[in-house]
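Chains, contacts and geometry: an overview
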Amino acid sequence: MSLLLGPEEKMLLEEALQVYLQVVSRQLPPQQVQQIAAIAKNVLKKLESAQSGGGKGGDRPAGISDEWYKNVCRECDKLSPAGCTDKVTEKYPGKCDPILHYEREKILKNKK
């Protein structure tokens, strides 16, 4: 299951949880509110994890844009659960062959 939310959608969920916590804080004892706040924080962490670690289950390499990760990295055989295993990406994020090919194709499509 792919769960990709835009910035507006993510912000809406965060704000909704904040409002929920405000309402709950008026109705429940502080200890229960803290427990619910911890759950809400975990929900946001899981959401963030799902956003950045989709596809084959690998973490997004440092310096890789959302677009590259979504369109290239998730399909790449060098993506592992620990991140990208490509040595070029470690030193020069975005300069690996699959991303360079993707960018070249994108430019060619825009020229047509």
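See the structure printed just above.
Notes on the structure follow. (Residues numbered from 1 in each chain as written. Predicted model: local features only at pLDDT ≥ 70, side-chain atom pairs only at ≥ 80, totals over all residues. Heavy atoms only, no water.)

Moving on, we come to the overall build of the protein chain. Within the protein chain, the regular secondary structure consists of five helices and two strands. Beginning at the N terminus, the succession of helices and strands in the protein chain can be written as α-α-α-β-β-α-α. With 112 residues in all, the protein chain has 22% of them scored as buried. (Helix = DSSP H or I, 4+ residues; strand = E, 2+ residues; numbered from the N terminus. Buried < 20%, exposed > 50% of the residue type's maximum accessible area, 1.4 Å probe, protein only.)

Once that is clear, we can look at the nonpolar core. In this structure, Ile64, Trp68, Tyr69, Val72, Cys73, Leu79, Cys96, Ile99 and Tyr102 together form the largest nonpolar core, which totals nine residues. Looking at this core, the elements that each hand over two or more residues are helix 3 (66-71) and helix 5 (97-111). (Core = buried A, V, L, I, M, F, W, Y, C linked by side-chain atoms within 4.5 Å.)

By the secondary structure assignment, aspartate 86 is in the loop between strand 2 (83-84) and helix 4 (87-91). With near-sequence residues (within four places) excluded, aspartate 86 lies in contact with Lys78 and Cys96. (Contact = heavy atoms within 4.5 Å.)

With the rule as written, the count across this model stands at zero disulfides. Distance from the sulfur of cysteine 84, which forms no disulfide, to the nearest cysteine sulfur (cysteine 76) is 5.9 Å. The exposure class of cysteine 84 is partly exposed, given its relative accessible area of 22%. (Disulfide = S-S within 2.5 Å.)

Summed over all chains, the structure comprises four salt bridges. Among the charged side chains, a network of salt bridges with common partners joins Glu67, Glu103 and Lys106. (Salt bridge = Lys/Arg side-chain N within 4 Å of Asp/Glu carboxyl O.)

The topology assignment puts arginine 74 in the loop between helix 3 and strand 1 (79-80). Taking the C-alpha atoms as reference points, arginine 74 and cysteine 84, separated by ten residues in sequence, lie 10.0 Å from one another.

Let's shift gears to the side chain of threonine 89. On the secondary structure map, threonine 89 appears in helix 4. For threonine 89, a relative accessible area of 4% gives the class buried. Within the structure, threonine 89 has its side chain in polar contact with the side chain of aspartate 86 (distance 3.3 Å). Once you skip the residues sitting within four places of it in the chain, threonine 89 turns out to touch Pro61, Ile64, Cys84 and Cys96. (Polar contact = N/O pair within 3.5 Å; in protein donor to acceptor, adjacent residues only side chain to side chain.)

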